[in-house]
Amino acid sequence: MENPELYIEALVFASEQSIRVEEIVYCLQATFERDFLLDEVTGSIENIKTKYSAENFAIELVNLSNGYQFLTKKTYHPVISLLQLQRSKKKLSQAALETLAIIAYKQPVTKTEVEQIRGVNCDYSIQKLLEKELIAINGKSEALGKPILYGTSALFMDYFGINNIQELPNIKELIDNSTSIGEQQE
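Right, let's walk through the structure included here. For clarity, every value in this text was computed on a predicted model and none was experimentally measured.

Cut-offs used in this document
Residues numbered from 1 in each chain as written. Predicted model: local features only at pLDDT ≥ 70, side-chain atom pairs only at ≥ 80, totals over all residues. Heavy atoms only, no water. Patch = residues over 30% accessible without salt bridge, like charges linked within 9 Å, V, L, I, M, F, W, Y side chains within 5 Å. Areas by Shrake-Rupley, 256 points an atom, 1.4 Å probe, with all protein chains shown as cover. Salt bridge = Lys/Arg side-chain N within 4 Å of Asp/Glu carboxyl O. Helix = DSSP H or I, 4+ residues; strand = E, 2+ residues; numbered from the N terminus. Buried < 20%, exposed > 50% of the residue type's maximum accessible area, 1.4 Å probe, protein only. Arc of directions from axis to C-beta. Contact = heavy atoms within 4.5 Å. Expected span 1.5 Å × (residues − 1).

Some remarks on a nonpolar patch on the surface
Next, step 1: Taken together, the side chains of Tyr76, Val79 and Ile80 present a nonpolar region at the surface, about 230 Å² in accessible area.
Next, step 2: Take Val79: it is sitting in helix α4 (residues 77-90).

Pasting the structure below:
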């Protein structure tokens, strides 16, 4: 029979969330067509924990939410944070950027107000910005139906290197008048 410990390691690695011992037992029993005792599996888990506690591994096996998951050791968190920040910066679409700009300058604002300005449905962009934690829900409007109000988050401030919304560039500073014809009146 093959080494069940390697299968346990593979199950923990492949699981997006912490995996419970009972789930591991079920998978092993279905794969090997024999009974596995909880003590046998927990013993293997302890062996895996010991293996990954060595300094030459950047990950460790951690007990979370009544299950187990591989996580990066705390020593490596600064470099992982930089990677995640870099990746999140690269993945904002034009639609998401437009939606984010409207929310930043008009906050607190409802989805309907954003859609009126953009002229298109903004469900997907707002969902992505919420997932990236660049915007947050700031309560509910007093308008009919009590729609959700959106505003920028603390991560937005970090992302754009500002301390408060007043530090955003003035919209007039962003307008390029070099291609306009005639005089501008204010």
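Concerning helix α1 (residues 4-14)
Next, step 1: Listed as buried for α1 are Pro4, Ile8, Glu9 and Val12. The buried residues of α1 occupy one face: seen down the axis, they fall within an arc of 150°. Opposite the packed face of α1, turned more than 90 degrees from it, sit the exposed residues Leu6, Phe13 and Ala14.
Next, step 2: Contacts from the buried residues of α1 go to α2 (21-32), α3 (38-52), β1 (59-64) and β2 (67-72).

So, α3
Next, step 1: Compared with the 21 Å implied by 1.5 Å per residue over 15 residues, the 21 Å span of α3 between its first and last C-alpha is a close match.
Next, step 2: Along α3, the positions that sit buried rather than exposed are Val41, Ser44, Ile45, Ile48 and Tyr52. Angular distribution of buried residues about the axis of α3 spans 105°; they occupy a single face of the element. Projecting away from the buried face of α3 at angles above 90 degrees are the exposed residues Asp39 and Thr50.
Next, step 3: Turning to α3, the residues buried within the fold contact α1, α2, β1 and β2.

Points about unusual backbone geometry
Next, step 1: Look at the link from Gln107 to Pro108: it is a cis peptide, with omega at -10°.
Next, step 2: With respect to the helices, strands and loops of the structure, Pro108 is situated in the loop between α5 (94-106) and β3 (109-110).
Next, step 3: Positive phi outside glycine occurs at Glu133, with the angle close to 60°.
Next, step 4: With respect to the helices, strands and loops of the structure, Glu133 is situated in the loop between α7 (123-131) and β4 (135-140).

Digging into the side chain of Ser125
Next, step 1: Note on placement: Ser125 falls in helix α7.
Next, step 2: With relative accessibility at 7%, the residue Ser125 sits in the buried group.
Next, step 3: Here Ser125 is in contact with Ala95, Ala96, Thr99 and Arg118, once residues within four sequence places are set aside.

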